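Listed below are the residues making up each chain.
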Amino acid sequence: MKWFIVFYDILKVFILFTGCTILFYFCILWINQEYQEYHRYDQPEGNAVKVVKMIENKDESWLERLKFFYLNGE
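Below is a short write-up of the structure. Everything quoted here is computed from the prediction, not taken from an experiment.

Analysis parameters
- Residues numbered from 1 in each chain as written.
- Predicted model: local features only at pLDDT ≥ 70, side-chain atom pairs only at ≥ 80, totals over all residues.
- Heavy atoms only, no water.
- Helix = DSSP H or I, 4+ residues; strand = E, 2+ residues; numbered from the N terminus.
- Rg over C-alpha atoms; globule rule 2.2 N^0.38 Å.
- Buried < 20%, exposed > 50% of the residue type's maximum accessible area, 1.4 Å probe, protein only.
- Areas by Shrake-Rupley, 256 points an atom, 1.4 Å probe, with all protein chains shown as cover.
- Lys, Arg positive; Asp, Glu negative; His and termini not counted.
- Charge placed at Lys NZ, Arg CZ, Asp CG, Glu CD.

### A word on the overall build of the protein
A tally of helices and strands in the protein yields two helices and zero strands. The globule rule puts the C-alpha radius of gyration for 74 residues at 11 Å, and the 29 Å found for the protein is more than 25% above it. Summarising its shape, the C-alpha atoms of the protein cover approximately 85 × 40 × 15 Å along the three principal directions. Relative to its 74 residues, the protein shows a buried fraction of 0%. When the accessible surface of the protein is totalled, it reaches about 8,600 Å², and 64% of it is carbon and sulfur. Side chains of the protein carry 8 positive and 10 negative charges; the gap between the two charge centres is 9 Å.

### Re the environment of Leu23
Take Leu23: it is sitting in helix α1 (residues 2-36). In this structure, the C-alpha to C-alpha distance between Leu23 and Glu34, residues 11 residues apart in sequence, is 17 Å.

### Let's talk about the environment of Asp9
With respect to the element layout, Asp9 can be found in helix α1. With 33 residues separating them along the chain, Asp9 and Asp42 place their C-alpha atoms 53 Å apart.

What follows is the structure, given as structure tokens:
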């Protein structure tokens, strides 16, 4: 009789663990599907302002480029 109660408790924990794992798996699939359809590279709408300005390449000496590398890590 004692073995039956232990087996029953183990079965409950196994079913609970399996159910939570399946629920977690399908939640992750749902979140992934939601973000697959999210277009983050669309053109901005409204009063969007471009914040990056490209700088033209200058003719720099190797010494200036080396100092820039040591100062900024680029």
